[in-house]
Amino acid sequence: MRITIIGSGYVGLVTGACLAQVGNDVLCLDTDAAKIAVLESGGVPIHEPGLNKLIAENRRAGRIRFTTDVAEATNHGQIQFIAVGTPPGEDGSADLSYAIAAARNIGRHMNEYKVVVDKSTVPVGTADRVQAAIAEELEHRGSDLTFAVISNPEFLKEGAAIEDFQKPDRIIIGGDDDRALDLMRRIYAPFNRNHDRLITMDARSAELTKYAANAMLATRISFMNELANLAEHLGADIEQVRQGIGSDPRIGFDFLYPGAGYGGSCFPKDVKALIQTARHSALGGLRILEAVEAVNQDQKTRLAAKIKQRLGDDLSGRHFALWGLAFKPRTDDMREASSLVLIDELLAAGATIAAYDPAAMEVAAALLGQRPGIRFADSAAACLEGADALVIVTEWNEFRSPDFERLRARLKEPMVFDGRNLFEPEEMMGMGFEYFAFGRVVSAPAESGAQRT
């Protein structure tokens, strides 16, 4: 099938590459000429494991191409996936200007029946707005061409996006045009062979499903962070609590890990957008999600608070090694990352920082490279030199089993502030470390009682 992907960012490139891999003829459009130049030269402008190889393989086979030509892209694909950005506005609501512009371009240039697929995460009612924008452009042309708009939200995890696309938990298709629904079933048939994962519904329900899924996962994270904070005051161990509640099959273990708060391009943006959607409706708001957002913003400050509680509010002369900058492992994405809040607070308190991340160094340098007080190291070991303490913000695998003897020897003081609860407190104490995590309790010498970390 001939498929056009409008927007060659994270969702667009993964979608285009995976659809090309099963034999489709894919043309990816972007108005950013520099991005297209990178793609045409064999590069990939984002970090996603396996994506470089997948795009290169399909470029060699002639199944995926890139362009900045809007008319060419519109005429290429009977299926037009809109995968443009929907950045948050000042009030947190999603900015649909790019999506509506893409729809208008389709209306201006289309010359046959088109299926227009909203792949971006968009508020409820966007399919109607896309429909109206295309219809208006066709009316201006005096054209009676027909088209259909489908909502097909993505459920891709950064760092595992290719596997998520190729082996989906579910495929949500929202729309009521039988011809369009049949074409969508054909597109997804190669990813739907083991058992039927395709769920059809109306477009508004599909749009809300995406927001509801991310909001639910964000709620679990904030809930566990609240419990971890409570556990510290009660002398309970949140890891034991996590195992206790996660073993209930009605709850499960996923997204029950406390830490320094969630970030990235999805959860923060989507929670805020859904809150704004509710505020603009007759309902007036979503109290649970407003609490989820408030808890997360507060949680991002708690790692710095633990450091100041131990070392004092004035950190002048203190130097910290920082492991992890991306909002999660297996990505270089630093949007809404907890590391940014921590860095701001440590620098404001007078500290200096040496930071390392396996993937996000280039992004971090662009964001933070001009700020005095922070430098970037070539390895996790290198950034330990001269550090008063180690602070862990991202749970990369290479941070999970360090050489603890060397770690203790390189730090001026054997202190670890762990924003992702990677280690066992009693083991850390046994190796001579002061260990500070979220909601963990260790046994201390009898005369000093329990030590909350």
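All of these numbers come straight from a predicted model, not from anything done at the bench.

Peer 1: Would you take a moment to explain the overall build of the protein chain for this structure?
Peer 2: A count of helical and extended segments in the protein chain gives 16 helices and 16 strands. Computed over its C-alpha atoms, the radius of gyration of the protein chain comes to 24 Å, within 12% of the 22 Å expected for a compact globule of 453 residues. Along the three orthogonal principal directions, the C-alpha set of the protein chain runs to about 85 × 50 × 45 Å. Restricting the contact set of the protein chain to residue pairs at least 6 apart, pairs at least 24 apart contribute 71%. For the protein chain, the accessible area works out to roughly 19800 Å², and carbon and sulfur atoms hold 49% of it. The positive charge centre, built from 49 side chains, and the negative charge centre, built from 63, are 2 Å apart in the protein chain.

Peer 1: What exactly am I supposed to notice about the packing of aromatic side chains here?
Peer 2: The description of an aromatic ring pair rests on the distance of the ring centres and on the angle between the ring planes. Inspection of every chain in the model, using the stated rule, returns eleven aromatic pairs. Measuring from ring centre to ring centre gives 5.9 Å for Tyr262 and Phe267, while their planes differ by 80°; the resulting arrangement is edge-to-face. A centroid spacing of 5.0 Å and a plane angle of 25° characterise the contact between Trp323 and Phe399, whose relative ring orientation is stacked. Of this pair, Trp323 sits in strand 9 (residues 319-323) while Phe399 sits in the loop between strand 12 (389-392) and helix 15 (404-410), and the two are 76 residues apart along the sequence. Both residues of the pair, Trp323 and Phe399, count as buried. Members of the aromatic cluster, joined through ring pairs, are Phe404, Phe423, Phe433 and Tyr435. Here Arg179 stacks its cationic end above the ring of Tyr113, 3.8 Å away from the centre of that ring.

Peer 1: Honestly, the environment of Lys157 in this entry has me stumped. Any pointers?
Peer 2: Among the structural elements, Lys157 can be located in the loop between strand 6 (147-151) and helix 7 (161-166). Judged by relative accessible area, which is 41%, Lys157 ranks as partly exposed.

Peer 1: What am I meant to see in the confidence of the model for the protein chain here?
Peer 2: Should the pLDDT be low somewhere, the predicted coordinates at that spot are not to be read in detail. Chain-level statistics for the protein chain give a pLDDT mean of 95 and a share of 97% at 70 or above. In the model, residues 443-450 has pLDDT below 50 throughout and makes seven contacts with residues more than four positions away in sequence or in other chains.

Peer 1: Sorry if this is basic, but what is going on with the side chain of Asn24 here?
Peer 2: You can see Asn24 is positioned in the loop between helix 1 (10-21) and strand 2 (25-29). By relative accessible area, Asn24 is classed as buried at 8%. Polar contacts involving the side chain of Asn24 include one to the main-chain amide nitrogen of Met1, which spans 3.2 Å. Within the local environment of Asn24, its side chain forms a polar contact with the backbone oxygen of Leu19, the two atoms lying 2.9 Å apart. Other than its neighbours up to four places away in sequence, Asn24 contacts Met1, Ile3, Leu19 and Arg63.

Peer 1: Which parts of the structure should I look at to understand the sheet that holds strand 12?
Peer 2: By way of backbone hydrogen bonds, the strands of a sheet pair with one another, either parallel or antiparallel. Overall, parallel pairing links the six strands, which are arranged 11-10-9-12-13-14 in an open sheet. The sheet is open, and its two edges are formed by strand 11 (374-376) and strand 14 (434-436), each paired on a single side. The mean angle between the axes of side-by-side strands here comes to 20°, regardless of whether they run parallel or antiparallel. Of the strand pairs in this sheet, strand 9 and strand 12 are connected by four bridges, and their pairing is parallel. Looking across to strand 12, one finds that Ala321 is bridged to Leu390. Contacts between helix 14 (residues 361-368) and the sheet are confined to strand 10 (352-356) and strand 11, with strand 11 contributing the most and set at about 155° to the helix.

Peer 1: Could you clarify how one ought to interpret the packing of helix 12 (residues 287-311) against helix 13 (residues 338-348) in this entry?
Peer 2: Between two packed helices, both the angle of their axes relative to each other and the distance between the axes serve to describe the pair. As a packed pair, helix 12 and helix 13 sit with axes 8 Å apart at the nearest point and diverge in direction by 35°. Where helix 12 crosses over helix 13, the two elements pack in a sense that is right-handed. On helix 13, the residues touching Lys300, Thr301, Leu303, Ala304, Ile307 and Lys308 of helix 12 are Ser338, Val341, Leu342, Glu345 and Leu346. Split by residue class, the contact of helix 12 with helix 13 holds six nonpolar, two polar and three charged.

Peer 1: What exactly am I supposed to notice about the pattern of salt bridges here?
Peer 2: Where charged atoms from two side chains of opposite charge come close, those side chains can pair. Here the structure, examined in full by the defined rule, presents 28 salt bridges. Close ionic contact of Glu136 with Arg104 constitutes a salt bridge, the shortest N to O distance being 3.5 Å. On the criterion of sequence distance, the pair formed by Glu136 in helix 6 (residues 126-141) and Arg104 in helix 5 (residues 97-109) is long-range, its members being 32 residues apart. On the accessibility criterion, Glu136 (34% relative accessible area) is partly exposed. When its relative accessible area of 22% is taken as the criterion, Arg104 is described as partly exposed.

Peer 1: Would you explain unusual backbone geometry in this entry?
Peer 2: Outside of glycine, negative phi angles account for most residues, and trans bonds account for most peptide bonds. Of note, the phi angle at Glu336 is positive, near 60°, even though the residue is not glycine. You can see Glu336 is positioned in the loop between strand 9 and helix 13. Of note, Asn421 is a non-glycine position whose phi angle comes to about 50°, a positive value. Here Asn421 shows up in the loop between strand 13 (415-418) and helix 16 (425-430). Given the relative accessible area of 16%, Asn421 is considered buried.

So, how was this worked out
- Residues numbered from 1 in each chain as written.
- Predicted model: local features only at pLDDT ≥ 70, side-chain atom pairs only at ≥ 80, totals over all residues.
- Heavy atoms only, no water.
- Helix = DSSP H or I, 4+ residues; strand = E, 2+ residues; numbered from the N terminus.
- Rg over C-alpha atoms; globule rule 2.2 N^0.38 Å.
- Contact = heavy atoms within 4.5 Å.
- Areas by Shrake-Rupley, 256 points an atom, 1.4 Å probe, with all protein chains shown as cover.
- Lys, Arg positive; Asp, Glu negative; His and termini not counted.
- Charge placed at Lys NZ, Arg CZ, Asp CG, Glu CD.
- Phe/Tyr/Trp six-rings, centres within 6.5 Å; stacked < 30°, edge-to-face > 60°.
- Buried < 20%, exposed > 50% of the residue type's maximum accessible area, 1.4 Å probe, protein only.
- Lys NZ or Arg CZ within 6 Å of the ring centre and 35° of its normal.
- pLDDT = per-residue confidence, 0-100.
- Polar contact = N/O pair within 3.5 Å; in protein donor to acceptor, adjacent residues only side chain to side chain.
- Pairing = 2+ DSSP bridges.
- Axes fitted to C-alpha atoms, helices over the stretch in contact; angles between N-to-C directions.
- Left-handed = near helix turned anticlockwise from the far one by under 90°.
- Nonpolar A, V, L, I, M, F, W, Y, C, P; charged D, E, K, R; others polar.
- Salt bridge = Lys/Arg side-chain N within 4 Å of Asp/Glu carboxyl O.

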